[in-house]
Amino acid sequence: MKKIQMVDLKGQYEEIKEEVNTSISEVLDSSAFINGPKVHEFQKSLEEYLDVKHVIPCANGTDALQICMMGLGLKPGDEVITADFTFAATVEVIALLNLTPVLVDVEKDTFNIDIKAIEKAITPKTKAIVPVHLFGQCADMDAIMELANKHNLYVIEDNAQGIGAVHTSKDGTKKKAGTIGHVASTSFFPSKNLGCYGDGGAIFTNDDDLAHTIRGMVNHGMYKRYHHDVIGVNSRLDSIQAAVLNAKLPNLDKYNNKRREAARKYSNALSGQEHIVLPKTVNGCEGICDTCDCHVFHQYTVRILNGKRDGLVQHLNENSVPCGVYYPIPLHRQKAYMDERYDEADFTVTNQLVKEVLSLPMHTELDDEQIAFITQLVIDFVNA
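Thoughts on the overall build of the protein chain
Then step 1. For the protein chain, the helix and strand inventory stands at 13 helices and 14 strands.
Then step 2. Its C-alpha atoms give the protein chain a radius of gyration of 21 Å, within 12% of the compact-globule value 21 Å for 384 residues.
Then step 3. Reported as C-alpha extents along the three principal axes, the dimensions of the protein chain are approximately 65 × 55 × 40 Å.
Then step 4. By residue count, 56% of the 384 residues in the protein chain fall in the buried class.
Then step 5. Sequence separation of 24 or more characterises 74% of the internal contacts of the protein chain that already satisfy a separation of 6 or more.
Then step 6. Counting every atom, the protein chain has about 16500 Å² of accessible surface; 49% of that belongs to carbon and sulfur.
Then step 7. Of the side-chain charges in the protein chain, 38 are positive and 52 negative, and the distance between the mean point of each set is 2 Å.

Take a look at the structure:
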């Protein structure tokens with residue numbers, strides 16, 4: 001059996017080595033390293049893939065989220081509601097802009113932001129909601145957009161983990177994650193479903209005026225060289241990273257399908273275990289149906305119910321199986337984001353999840369032998 005890795009970037013590279021190397025060589029030959037033709041090519045290709053009017057590439061996913069908020073003109077003191085159970089970057093940018101983070105609980109089945117908790121948290125100071133499409137699955141965007149329209153709020157989708165996922169509305173309309181709210185951010189960190197070979201990110205919107213503002217913001221506020229029309233930052237996707245993304249984007253649906261197939265095999269092997277809760281999709285489809293498009297399984301995350309999660313982590317590591325606990329500490333308990341406004345009673349699900357969640361290796365190169373080995377280790381340990 002080949003070595004098990006949490007993410008097998010080398011194995012993925014071997015399959016597209018010729019395309020990646022050719023694309024990078026074209027950048028080297030052109031010497032157009034910043035904002036070159038490869039960046040514009042990738043931008044157009046991603047706009048077509050997502051069916052969104054505007055993609056604005058930038059330096060990383062955290063910048064992308066921050067620039068979304070800058071572009072919307074949010075002011076210090078404005079409240080921004082987001083999920084307590086997610087990576088810190090989501091709340092970090094809110095705090096950096098002197099906005100007021102408002103953390104709320106999540107749903108225990110999908111791990112995504114709880115709609116009732118959002119509604120409860122809305123005040124006259126609330127200006128935006130940031131749903132995170134956690135682990136690769138869309139949040140309930142129908143309900144979120146209804147709340148936003150009712151209270152005149154912006155919706156900023158944090159799509160760092162969900163690129164390629166599809167949201168099906170109540171009326172049957174299908175849209176890609178990141179194209180439903182007013183604006184969205186994504187990350188091209190190497191381990192993402194669509195990852196480059198360094199840092200990279202992008203912003204999506206269908207709003208022409210907002211796109212124009214943001215295009216200036218990512219480049220020092222310039223639309224014309226040395227004319228600074230808006231306050232901006234230096235956040236540009238470099239051409240070599242765009243070259244890698246150009247080679248990978250045509251394979252994204254294939255990559256996501258491979259992840260779904262690996263998730264199905266995990267779930268089939270782990271089903272029926274009383275101490276293991278398998279990931280569920282927004283449609284409640286625990287088995288991950290054959291037509292699944294709502295989840296792209298950036299992570300395959302189970303819950304271990306019998307208090308053995310930490311021991312299982314150690315057991316897997318001792319058997320050369322990497323795994324991850326995403327996330328071990330709620331944001332409302334992180335030293336940087338503690339606030340007397342928060343009541344532990346409002347975070348019952350998150351406080352439970354941080355003790356139970358475990359993410360197993362998930363990538364496009366997983367094979368049946370590896371999955372069988374991993375799942376048997378898990379089953380034997382939790383039932384011992």
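Re the environment of Asp 199
Then step 1. As for its position among the elements, Asp 199 is in the loop between β8 (183-187) and β9 (201-205).
Then step 2. Asp 199 sits 44 residues away from Val 155 along the chain, and the two C-alpha atoms are 25 Å apart.

Looking at the packing of helix α4 (residues 61-71) against helix α5 (residues 89-96)
Then step 1. Between α4 and α5, the least distance of the axes is 9 Å, while the angle of their chain directions is 45°. Classified by the interaxial angle, the pair formed by α4 and α5 is oblique. As α4 packs across α5, the resulting crossing turns out to be right-handed. Every residue of α5 that contacts α4 at Thr 62, Leu 65, Gln 66 and Met 69 is listed here: Ala 89, Thr 90, Glu 92, Val 93, Ile 94 and Leu 96.
Then step 2. Across the contact of α4 with α5, the residue classes tally to 6 nonpolar, 3 polar and 1 charged.

What about a nonpolar patch on the surface?
Then step 1. Taken together, Leu 28, Phe 33 and Ile 34 make up a surface patch of nonpolar side chains, about 280 Å² in accessible area.
Then step 2. Relative to the assigned elements, Leu 28 resides in helix α2 (residues 17-30).

Observations regarding the sheet that holds strand β13 (residues 300-304)
Then step 1. Strand order in the open sheet formed by 3 strands is β12-β13-β14, and the pairing between neighbours is antiparallel. Looking along the sheet, the strands with just one partner apiece sit at the ends: β12 (276-277) and β14 (357-360).
Then step 2. As paired strands, β12 and β13 are joined by 2 bridges and run antiparallel to one another. Looking at β13, one finds that Ile 276 is bridged to Ile 304.
Then step 3. Strands β12, β13 and β14 of the sheet are contacted by helix α10 (residues 252-270), whose axis makes an angle of about 20° with β13.
Then step 4. Contacting β13 and β14, helix α11 (residues 309-318) crosses the sheet at an angle of about 20° to β14.

What counts as what
Residues numbered from 1 in each chain as written. Predicted model: local features only at pLDDT ≥ 70, side-chain atom pairs only at ≥ 80, totals over all residues. Heavy atoms only, no water. Helix = DSSP H or I, 4+ residues; strand = E, 2+ residues; numbered from the N terminus. Rg over C-alpha atoms; globule rule 2.2 N^0.38 Å. Buried < 20%, exposed > 50% of the residue type's maximum accessible area, 1.4 Å probe, protein only. Contact = heavy atoms within 4.5 Å. Areas by Shrake-Rupley, 256 points an atom, 1.4 Å probe, with all protein chains shown as cover. Lys, Arg positive; Asp, Glu negative; His and termini not counted. Charge placed at Lys NZ, Arg CZ, Asp CG, Glu CD. Axes fitted to C-alpha atoms, helices over the stretch in contact; angles between N-to-C directions. Parallel < 35°, antiparallel > 145°, perpendicular 65-115°, else oblique. Left-handed = near helix turned anticlockwise from the far one by under 90°. Nonpolar A, V, L, I, M, F, W, Y, C, P; charged D, E, K, R; others polar. Patch = residues over 30% accessible without salt bridge, like charges linked within 9 Å, V, L, I, M, F, W, Y side chains within 5 Å. Salt bridge = Lys/Arg side-chain N within 4 Å of Asp/Glu carboxyl O. Pairing = 2+ DSSP bridges.

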